[in-house]
Amino acid sequence: MIFRYFRISTIENSFKKLNELKRGIRKGSFEKKDRESVSQKLEINLAEFPPAAQAALKLNSEFKAKHLNDQTELHNKIPNFNLNDNKIQSLLDEVSQPDFDLDPLKLEEDAKFFRTKTNCSGCGALLQCNDKQRDGFIDARKFKLLTKQELNFTVCFRCEFLKTKKKLLNVTSNSFDYDNLILKKIISNKKAHVIILIDLLDMPNSIYDGWSKLIQENSSVDMIILGNKFDLLPNTGPKFEHSVIKSLSYQCLKKGLKGAQIKHVDLISAKTGFNLEKVISKFFDCWNDEGDVYLLGMANAGKSVLFNKLLSSDYCRPLASEALIRATTSFWPGTTLNMLKFPITFMNEKKIGQRQRRLKSELDKLVEIEDKRVKRYEKTHELKDAEVFGLVGSSFKKYSIQDDQIDLENAQATYSIDETTGMITVGENFENNRDLKQKFKRDARLIFKPEMYKNKSTWFYDTPGVLQSQKILQNFSKKELEIIFPKGLIMPRIYWMVPGQTLLVGGLIRIDLLESTNDERVLFSIMASPALPVINPFKTEDADKIYDKYYNEGNILRVPHKHHIREEPLPSLKSKTFEVSGIGNHMAMSDIVFSCFGWTAVTSRPGVKAKIRAFTLGGQGLQIREPSLLPFIVNLRRKWDRKDGSQSFKAVYYKKPNLLKYL
């Protein structure tokens, strides 16, 4: 019986085997040991049936007939199960799949079914169908039709709605104590490994103070620190990567992440795959032993994107890579509500050799792609061709099938699936058969069970993000977030100001220059999404009037949008005052960070001290960052644009990162 969402394979396969056995007994082609072998496979477990099928079948008294292995005279006569095929089919028709839509107002609840122990494959919430206002909800009509195995690969309505409608539903979830539920679990492990993922655009706000407890309270916990979203940063010179790693390491040091337990610090892009293969090799080198691996990070740092990349890489066991559904990702923070996991590949000499051969073969491909991008960039200067990127693949995508069991260690063999018997046997070449690959993607979910790796593998866990200053993003619409978050490499917009002037970046950021030594001008290199407009500097005394005017007339500021309906009103602009000392017109000493909205590098002549008042919504996440993340960003300026009294410099980007040294 095939439904729109799933197939009740337990029923279908049981009756196929039953009919096969009946035919074999009639023809006398089965020996006693063969009949006993088949009979063991005909065990029918109601717990594996969907709830609706259980209810329908339990009403039929004939279904309670004894199982095949209970027949005492199996070898002497044809077993009689008292099962009428037409009657069974009619029972299955009672639980046929109704039509579903994605209208939140038409969802059905059923209080008889409580929260399961199965997690949503997209966000990690425990699945349930009795309260649509809570996390993990599935429409009751759909819930009743899913077997226990199929629930393992099911997403909740919130994730389904987010993927299809691109809207985030606010649901009630249990209060989440990050320190007690995540950090204590890691500290209590005899051996644990931690990956700290840090949003380079939002340092130091993207470094949680509590992570230092892991080092202080458990000496067996070791860490690798990764700075994410490196693809969004423009190359500012020969020591570009060094300055970024230096700033990242220093901010971690200030938060207590230091010592011999920090095994490695590196830069990646989870989105483009940049440097990920190198980092995966580092994981294998450092942690190819006992101990689970935990991915930690603030909300919107890119953890789920990295989790999905690793799920498709050598780091994940091949069968799990095919079977598991990818984590739900979105613009909004806090999408992941509970831990998601996959089994980690254990590397031996054979697998290491396979991986090295694949990486070597892909190197030529990467060099060829990079050469084309360089030539195209020299002609068009499209910033997309200046972004760093990488290829992430798997060396172990083939499987060996022996005696209906998948041999995960033999990565050289191929497999096929027999359509008649449902048995998995050695067969056609997997890589060259597209239909076979698609079929295995479906059937792998019937084969994969976490228990098969219980004593054979360690696990990689994606954890919920910590929500602090990033929480304000939940109150923006998708269109607003598309404006707030940069889609590609960020070019600085460089403005000069004198004391008594103000600068606006959309409706999210305001910068007042209050004082400077000898009224010297100060340069501000704005690093924010290019979709956010920058209003040319004007008198500070007019700032409130101009802000209100632009907010109310014509949506000039773009974000926040005046007419967007919000569940909670956005906070007003609040400020902090900072003092910054200049070290030269060609190098920034400090950055002012505006939470998740961006930052500005501040540059002035040596010895010039500037007093700056910075505003952002609610005032949360306003930080001074020293040293500057990109101290030489101001050097991208070329010419002062004097048109119509503008105080901006035109920024020109001619440099490209040397990608090849990362391959």
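The structure displayed is predicted, hence computed values, not measured ones.

With that settled, the discussion passes to the state of the cysteines. Inspection of every chain in the model, using the stated rule, returns 0 disulfides. The closest cysteine sulfur to the non-disulfide-bonded Cys159 is located on Cys156, 3.7 Å from its own sulfur.

All right, on to the pairing of strand E13 (residues 509-516) then. Judged by how many residues are buried, E13 sits mostly within the fold: 6 of 8 residues are covered. Sheet analysis places strand E12 (residues 501-505) next to E13, joined by 5 bridges and oriented antiparallel. Residue pairing in the sheet places Leu504 in a bridge with Arg510 of E13. Here E12 folds back onto E13 in antiparallel fashion, the turn holding 3 residues, of which Gly506 has a positive phi close to 55°. In terms of strand pairing, E13 meets strand E19 (residues 609-617) through 7 bridges, oriented antiparallel. The residue bridging Ser516 from the neighbouring strand is Ala610, located in E19.

Glancing now at the packing of helix H11 (residues 276-287) against helix H14 (residues 349-380). In a pair of packed helices, the angle between the axes and the distance between the axes together describe the arrangement. Running from amino to carboxyl end, H11 crosses H14 at an angle of 165°, the nearest separation of the two axes being 12 Å. With respect to H14, the element H11 is oriented roughly antiparallel. Taken as a pair, H11 and H14 cross one another with a handedness that is left-handed. Residues Glu277, Ile280, Ser281 and Phe284 of H11 form the contact with H14, whose own contacting residues are Arg355, Arg358 and Leu359. In terms of residue class, the contact of H11 with H14 is made up of 3 nonpolar, 1 polar and 3 charged.

Right, let's talk about unusual backbone geometry for a bit. That bond from Met203 to Pro204 is cis: its omega, 0°, falls within 30 degrees of zero. Within the secondary structure, Pro204 sits in the loop between strand E1 (192-199) and helix H9 (212-217). Unusually for a residue other than glycine, Asn518 sits at a positive phi of about 55°. Within the fold, Asn518 resides in the loop between E13 and strand E14 (522-527).

Attention shifts here to the sheet that holds E1. Ordered by their spatial adjacency, 6 strands build an open sheet running E3-E2-E1-E4-E10-E5, and the pairing between neighbours is mixed. Because the sheet does not close on itself, it has two edges, and the strands there are strand E3 (262-267) and strand E5 (340-343). Going from strand to strand, the sheet's axes swing by 20° on average, the running direction of each strand aside. Pairing geometry for E5 and strand E10 (residues 459-462), over 4 bridges, is antiparallel. Counted as the bridge partner of Lys341 is Tyr461 from E10. Sheet strands touched by H11: E1, strand E2 (221-228), E3 and strand E4 (292-297). Its angle to E2, the strand with the most contacts, is close to 175°.

Turning our attention to the packing of aromatic side chains. How two aromatic rings sit relative to each other is given by the distance of their centres and the angle of their planes. On inspection of all chains with the given rule, the structure shows 18 aromatic pairs. Measuring from centroid to centroid gives 5.3 Å for Phe307 and Phe342, while their planes differ by 45°, and the two rings are tilted. Of this pair, Phe307 sits in helix H12 (residues 303-311) while Phe342 sits in strand E5, and the two are 35 residues apart along the sequence. As far as burial versus exposure is concerned, Phe307 and Phe342 are alike and both buried. Ring plane angle 85° and centroid distance 6.3 Å describe the contact between Phe476 and Phe597, whose orientation is recorded as edge-to-face. Separated by 121 residues along the polypeptide, Phe476 in the loop between E10 and helix H16 (478-484) and Phe597 in the loop between strand E17 (590-594) and strand E18 (599-603) bring together distant segments of the chain.

Bringing the confidence of the model for the chain into the picture now. Close inspection of predicted coordinates is inappropriate in any region flagged by low pLDDT. Here the chain averages 78 in pLDDT, and 74% of its residues register 70 or above. Mean pLDDT values for the elements of the chain range from 37 in strand E6 (residues 400-402) up to 96 in E13. Here residues 29-33 scores under 50 on pLDDT; set against residues more than four positions off or in separate chains, the count is 8 contacts.

Counting 107 residues, the largest nonpolar core has Trp211, Leu233, Leu296, Tyr315, Phe342 and Phe460 as its most contacted members. Each residue touching Phe460, except ones within four places of it in the same chain, is listed here: Ile195, Val293, Leu295, Phe307, Leu310, Tyr315, Leu340, Lys341, Phe342 and Ile344.

What follows concerns the pairing of E4. Counting buried positions over the 6 residues of E4 gives 6, a clear majority of the element. Of the two faces of E4, both are covered, the one formed by Asp292, Tyr294 and Leu296 as well as the one formed by Val293, Leu295 and Gly297. Bridge count for E1 against E4 is 6 bridges, and the pairing is parallel. When the sheet's bridge partners are listed, Ile195 is paired in E4 with Leu295. Two strands pair when backbone bridges link them, and E4 and E10 are joined in this way by 3 bridges, in the parallel orientation. Paired with Val293 across the strands is Phe460, a residue of E10.

The next subject is the sheet that holds E12. Read across the sheet, 5 strands follow the order E15-E12-E13-E19-E16 without closing on themselves; strand pairing throughout is antiparallel. Sheet topology places strand E15 (534-539) and strand E16 (573-581) at the edges, where each strand pairs with a single neighbour. Taken pair by pair, the neighbouring strands of this sheet meet at an average axis angle of 20°, ignoring direction. Looking at chain direction, E12 and E15 are connected through 4 bridges and run antiparallel.

This brings us to the pattern of salt bridges. Inspection of every chain in the model, using the stated rule, returns 23 salt bridges. When the shortest N-O distance is used, the salt bridge between Lys478 and Glu482 registers 2.4 Å. Linking Lys478 with Glu482, this pair stays in helix H16, spanning 4 residues, or about one helical turn. Lys478 gets classed as partly exposed once you look at its relative accessible area, which sits at 26%. Put simply, Glu277, Asp314, Arg355, Arg358 and Glu362 are held in one network by salt bridges that share partners.

Relative to the assigned elements, Thr154 resides in the loop between helix H6 (148-151) and helix H7 (157-165). Taking the C-alpha atoms as reference, Thr154 lies 8.0 Å from Gly122; in sequence the two are 32 residues apart. Residues contacting Thr154, with those up to four places away along its chain left out, are Asn119, Cys120, Ser121, Leu127, Ile138, Lys142, Leu146 and Ile325. In this structure the side chain of Thr154 is engaged in a polar contact, spanning 2.7 Å, whose partner is the backbone oxygen of Glu150.

Calculation criteria
Residues numbered from 1 in each chain as written. Predicted model: local features only at pLDDT ≥ 70, side-chain atom pairs only at ≥ 80, totals over all residues. Heavy atoms only, no water. Disulfide = S-S within 2.5 Å. Buried < 20%, exposed > 50% of the residue type's maximum accessible area, 1.4 Å probe, protein only. Helix = DSSP H or I, 4+ residues; strand = E, 2+ residues; numbered from the N terminus. Pairing = 2+ DSSP bridges. Axes fitted to C-alpha atoms, helices over the stretch in contact; angles between N-to-C directions. Parallel < 35°, antiparallel > 145°, perpendicular 65-115°, else oblique. Left-handed = near helix turned anticlockwise from the far one by under 90°. Contact = heavy atoms within 4.5 Å. Nonpolar A, V, L, I, M, F, W, Y, C, P; charged D, E, K, R; others polar. Phe/Tyr/Trp six-rings, centres within 6.5 Å; stacked < 30°, edge-to-face > 60°. pLDDT = per-residue confidence, 0-100. Core = buried A, V, L, I, M, F, W, Y, C linked by side-chain atoms within 4.5 Å. Salt bridge = Lys/Arg side-chain N within 4 Å of Asp/Glu carboxyl O. Polar contact = N/O pair within 3.5 Å; in protein donor to acceptor, adjacent residues only side chain to side chain.

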